[in-house]
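Residues per chain, in single letters:
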Amino acid sequence: SSGINAEYGGVTHSIRYRCCKKELTVLTPLQQHFMDVMPEKPIIDTSNLILSPMPGSLSVISVSEGDEVLEGTEVAVVVAMKMNNSLKAPKSGKIKKIYAKVGDVVDGDQKIMEFH
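Note that the structure is a prediction, hence the values are computed from the model and not measured.

**Remarks on the overall build of the chain**
Here comes step 1: Each helix and strand in the chain was counted, giving 1 helix and 11 strands.
Here comes step 2: What you see in the chain, going N to C, is helices and strands ordered as β-β-β-α-β-β-β-β-β-β-β-β.
Here comes step 3: Scaling as 2.2 N^0.38, a compact globule of 116 residues should have a C-alpha radius of gyration of about 13 Å, whereas the chain reaches 21 Å, well beyond that.
Here comes step 4: By principal-axis analysis of the C-alpha atoms, the chain measures approximately 60 × 35 × 30 Å.
Here comes step 5: The buried share among the 116 residues of the chain stands at 22%.
Here comes step 6: Of the contacts made within the chain by residues no fewer than 6 positions apart, 46% connect residues no fewer than 24 positions apart.
Here comes step 7: Accessible surface for the chain amounts to roughly 8,500 Å². Of this, 56% is attributable to carbon and sulfur atoms.
Here comes step 8: Averaging the positions of the 13 positive and the 14 negative side-chain charges in the chain gives two centres separated by 4 Å.

**Observations concerning the sheet that holds strand 4 (residues 49–51)**
Here comes step 1: The strand order across the open sheet built from 4 strands is 4-11-9-6, with neighbouring strands paired in antiparallel fashion. Across the chains shown, the open sheet's two edge strands, defined by having one partner strand only, are strand 4 and strand 6 (68–69).
Here comes step 2: Where strand 9 (residues 93–98) and strand 11 (residues 111–115) come together, 3 bridges link them in antiparallel fashion. Looking at the pairing, Ile98 lines up with Met113 of strand 11.

**What to know about the pairing of strand 8 (residues 83–88)**
Each regular strand carries side chains that alternate between the two faces of the sheet.
Here comes step 1: Note that strand 7 (residues 74–80) and strand 8 share 6 bridges and pair antiparallel. Within the sheet, the bridge partner assigned to Ala80 lies in strand 8 and is Met83.
Here comes step 2: Between the end of strand 7 and the start of strand 8, which pair antiparallel, lie 2 residues, with Met81 showing a positive phi angle near 50°.

**Quick word on the environment of Gly56**
Here comes step 1: On the secondary structure map, Gly56 appears in strand 5 (residues 56–61).
Here comes step 2: Distance in space between the C-alpha atoms of Gly56 and Val106 is 5.5 Å, their sequence separation being 50 residues.
Here comes step 3: Ignoring anything within four residues of it in the chain, the contact list for Gly56 reads Val78, Val79, Ala80, Asp104, Val105 and Val106.

**Overview of the pairing of strand 5**
Here comes step 1: Pairing analysis gives 2 bridges linking strand 5 to strand 10 (residues 105–106), with the strands arranged antiparallel. In the sheet register, Ser57 faces strand 10, and the bridge partner there is Val105.

**Observations regarding the sheet that holds strand 5**
Here comes step 1: Read across the sheet, 4 strands follow the order 8-7-5-10 without closing on themselves; strand pairing throughout is antiparallel. Of all strands in the sheet, those bounded by a partner on one side alone are strand 8 and strand 10.

**Considering the state of the cysteines**
Here comes step 1: Under the counting rule described, the total for this entry stands at 0 disulfides.
Here comes step 2: Between Cys19, a cysteine without a disulfide, and Cys20, which holds the nearest cysteine sulfur, the sulfur-to-sulfur distance is 3.9 Å.

**Looking at the side chain of Asn85**
Here comes step 1: Tracing the backbone shows Asn85 in strand 8.
Here comes step 2: Residue class for Asn85 comes out buried when judged on its relative accessible area of 19%.
Here comes step 3: Setting aside chain neighbours within four positions, we find Asn85 in contact with Pro53, Met54, Ala76, Val77, Val78 and Ala80.

What counts as what
- In this convention, every chain numbers its residues from 1, walking through the sequence in written order.
- Per-residue local features of the predicted model are confined to residues with pLDDT of at least 70, and side-chain atom pairs are confined, for both listing and counting, to 80 or more; whole-chain, interface and lining totals are unaffected and use all residues.
- Each side-chain value is worked out from all heavy atoms of the structure, with water and hydrogens disregarded.
- The numbering of helices and of strands both runs from the N terminus, where a helix is a DSSP run of H or I of at least 4 residues and a strand a run of E of at least 2.
- The globule rule is 2.2 Å times the number of residues to the power 0.38, and the radius of gyration it is compared with is taken over C-alpha atoms.
- Whether a residue is buried, partly exposed or exposed follows from its accessible area with a 1.4 Å probe, protein chains only, as a fraction of its type maximum: under 20%, in between, or over 50%, in that order.
- The criterion used for residue contact is that any of the two residues' heavy atoms lie within 4.5 Å.
- Values of accessible area rely on a 1.4 Å probe in the Shrake-Rupley scheme; residue burial ignores everything except the protein chains shown.
- Counted as positive: Lys and Arg. Counted as negative: Asp and Glu. His and the chain ends are not counted at all.
- Working definition for charges: the position is that of NZ of Lys, CZ of Arg, CG of Asp or CD of Glu.
- Criterion used throughout: strands pair if DSSP finds at least two bridges between them.
- Criterion for a disulfide: a pair of cysteine sulfur atoms within 2.5 Å.

These figures capture arrangement, not role.
Written out as structure tokens, the structure is:
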């Protein structure tokens, strides 16, 4: 046995040898051309936001601006496809701003509220 392990996942491949792991990307010349000309999507910090997980209707807002909440506390509910999606505080903090109101139709990834 050579001790080399390879994992294939589409265009990305992982090769392991002993304690080292290397990620490789294999592209055709056309794929590489598109990668070169495509703008990179900026990384946006959403750690202080509650975003709608999918399009739906905002049926409940359980907090007000200025409220202190604990991690895991339900802060809102979005109804989508006849299912209630409970939105919970990802961390403890204070509600800085609420961007939507009960009854609003929200898009996926739309800001609902922000923490301090």
